[in-house]
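What follows is each chain in one-letter form.
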Amino acid sequence: MMIKRIIFFMAIAYAEMSCGQKEYKSEEPPLMLSKIQDEFARLVEKFLPSVVNIEVAWDEVAHDSFGDNDFLQDFLEGFLFRDKDSSGKKRGFRGGGPKIPQKQRVASQGSGFIIGSKPSKEGKQKTIYVVTNKHVIEGALKRNSSSVCRPGSKVKVRLQSGISYEAEILGSDLMCDIAVLAFKSEESHPELTWGDSGAVKQGHFALAAGNPFGLGGTVTVGRISYKNREFGSDNGDNTEGPDLFLQSDAAMNKGNSGGPLLNIYGEVIGVNTAIFSPTGTYAGISFSVPSARAKIVVDQIIEKGFVHRGIIGVFLHPKEVYGTEHMKKGMRGVLIKEVAPGSSADKKGVRAGDVILSVNDTPVKHWIQVRSIIGFIKPGQSVKLTILRGKNQLNIDVPVESFSSDTLQKTNQFMGVSFGTNSGKVVIQQIEEDSLWRSTLIEEDEILRLGDQDVKDPKIFVSQLNQLQEKGIKRIILTLKRKGKEISLVLPLDHGGEYESS
């Protein structure tokens, strides 16, 4: 009986509320908002067909195929089978048996956009150029290479229509994290054009397009929240690492990398590269390579296959300098911590300890600013450095020299092993999967001696190895430090120097 009363009273209350309400009539939205909405839709319809999805696949070598985390397999192979594994193959004890390298197929996805095309001299096919990030296609590349692919790797470009094309990697650039792909097609495809990132202001609209989480054809709208953001690791190295970025709040996530950031005219003002997030997903801050830099890199890769940059031979301190004894209030600068012997800066009298106040009359306070400005000056021209040396402020014109990232990688590489420096010591940075030395050396090994000669410079070390190889030497004795212990190893200089297994 109580339930019936409750239902009855609810019905009466609803009837009273209904009688008291006026009839609602929808109104037309303000004309201006309606036009803005239609313009955004028209803009997206115009540029979206030029945005593509990038699919990359390659073979990765897994060096531990015994399942170290499988307790049952540990027990069976390490105790019961002793000298044989569970399949009956001869092997050592569980803890000391060889680890058999096995290949596994790995795949990743990203975004890109069509920026140009070139008609073929013969036939109807055209070469279509696609821009993306280097880190999107990194897995398909051989280590320390800007364009040479791993055997068996595949790169595909998938259009908004769903049609896919197999693409080749024309080249890539580590500093700007830019790569250029190319595919052949008889069809014409809509292309995007470069906009002027220098004309962009904080508060301007920005649209990001791409393939977040594999959801192709996605477009988000935001605003430019900061220009010339110095984003990345602070290592003061002039040859690789981050650049100056456009920062926006256009939503981006994993898979957006390589897609375009566009202005309200549908022009590319940036190449979407990274997000800042404590969770790994969008948190309101996104970074894009400005078109002013990306266009220079893309044009060079299309024309030459690699990128030449300007350098003067200085290494910079990562922290901003201010408030020192001879710096006036408000003065900022970048400290030169080292000058390469014989470089153009050295020849012009630039010293370690000098503080760079401006480059070509542009004030600087971060090492990335200095590197970025000099890097995009054509080799052969000069750059004006305004420096503070003690109490004196000097202007020095320094000739800009040419630098190619490929040159550095080849100079410091031998037998598929890349060498670099860490705190003044020569260390192993990367080892390619097909290197003869992969089973013996590990990354971060510190190289101490080649034979009885101390190793202090990676370039000189690689040069010595090349000379020994040219002389027909089959093996070398290399002394290194690993986890605080000094060890010596015998390494082959070619396949003829390999030891036969006993």
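Since the structure is predicted, the reported quantities are computational estimates derived from the model, not experimental observations.

1. Focus: the nonpolar core
- Of all hydrophobic cores here, the largest spans 27 residues; its most connected members are Phe-47, Phe-113, Ile-115, Val-131, Ile-178, Trp-194 and Val-271.
- Among the elements of the structure, α2 (31–47), β2 (102–119), β3 (126–132), β7 (178–185), β8 (205–210), β12 (268–275), β13 (286–290) and α5 (291–304) are those that each provide at least two residues to this core.
- Per element, the largest residue contribution to this core is four residues, and it comes from α5.
- Grouped together as the second largest cluster of nonpolar side chains are 23 residues, Ile-356, Trp-367, Ile-374 and Val-400 included.

2. Considering unusual backbone geometry
- One non-glycine residue, Phe-213, lies in positive phi territory at about 55 degrees.
- Considering the arrangement of structural elements, one finds Phe-213 in the loop between β8 and β9 (218–230).

3. Observations concerning the environment of Val-339
- Along the chain, the position of Val-339 falls in strand β16 (residues 333–339).
- Along the backbone, Val-339 and Gly-349 are ten residues apart, and their C-alpha atoms lie at a distance of 9.7 Å.
- Apart from residues lying up to four places away in sequence, Val-339 is in contact with Gly-313, Val-314, Ala-345, Asp-346, Val-350, Arg-351 and Ala-352.

4. Description of the confidence of the model for the protein chain
- Summary statistics for the protein chain give a mean pLDDT of 81 and a share of 80% for residues scoring 70 or more.
- By mean pLDDT, helix α3 (residues 71–80) is the weakest element of the protein chain at 41, and strand β11 (residues 260–262) is the strongest at 97.
- Every residue in residues 1–18 is under pLDDT 50, and counting partners more than four places away or in other chains gives zero contacts.
- Under a pLDDT of 50 for its full length, residues 63–99 has, in the predicted model, 48 contacts with residues more than four places off or in other chains.

5. Overview of the packing of aromatic side chains
- Scanning the model with the defined rule gives six aromatic pairs in all.
- Plain terms: the ring middles of Phe-245 and Phe-287 are 6.2 Å apart, the flat faces sit at 70 degrees to each other, and that makes the pair edge-to-face. Of this pair, Phe-245 sits in strand β10 (residues 244–248) while Phe-287 sits in strand β13; the two residues are 42 residues apart in sequence, bridging distant segments of the chain.
- Taking the centre distance of 5.0 Å and the plane angle of 85 degrees together, the rings of Phe-419 and Phe-461 count as edge-to-face. Residue Phe-419 is found in strand β23 (residues 417–422), and its partner Phe-461 is found in helix α9 (residues 458–470); the two are separated by 42 residues along the sequence.
- The exposure class assigned to Phe-419 is buried, which follows from its relative accessible area of 1%.
- What makes Phe-461 buried here is its relative accessible area of 1%.
- Positioned above the aromatic ring of Phe-205, the side-chain terminus of Arg-223 is 4.2 Å from the ring centre.
- Sitting over the ring of Tyr-322, Arg-332 keeps its end group 4.3 Å from the ring centre.

Reading the values: rules and limits
Residues numbered from 1 in each chain as written. Predicted model: local features only at pLDDT ≥ 70, side-chain atom pairs only at ≥ 80, totals over all residues. Heavy atoms only, no water. Core = buried A, V, L, I, M, F, W, Y, C linked by side-chain atoms within 4.5 Å. Buried < 20%, exposed > 50% of the residue type's maximum accessible area, 1.4 Å probe, protein only. Helix = DSSP H or I, 4+ residues; strand = E, 2+ residues; numbered from the N terminus. Contact = heavy atoms within 4.5 Å. pLDDT = per-residue confidence, 0-100. Phe/Tyr/Trp six-rings, centres within 6.5 Å; stacked < 30°, edge-to-face > 60°. Lys NZ or Arg CZ within 6 Å of the ring centre and 35° of its normal.

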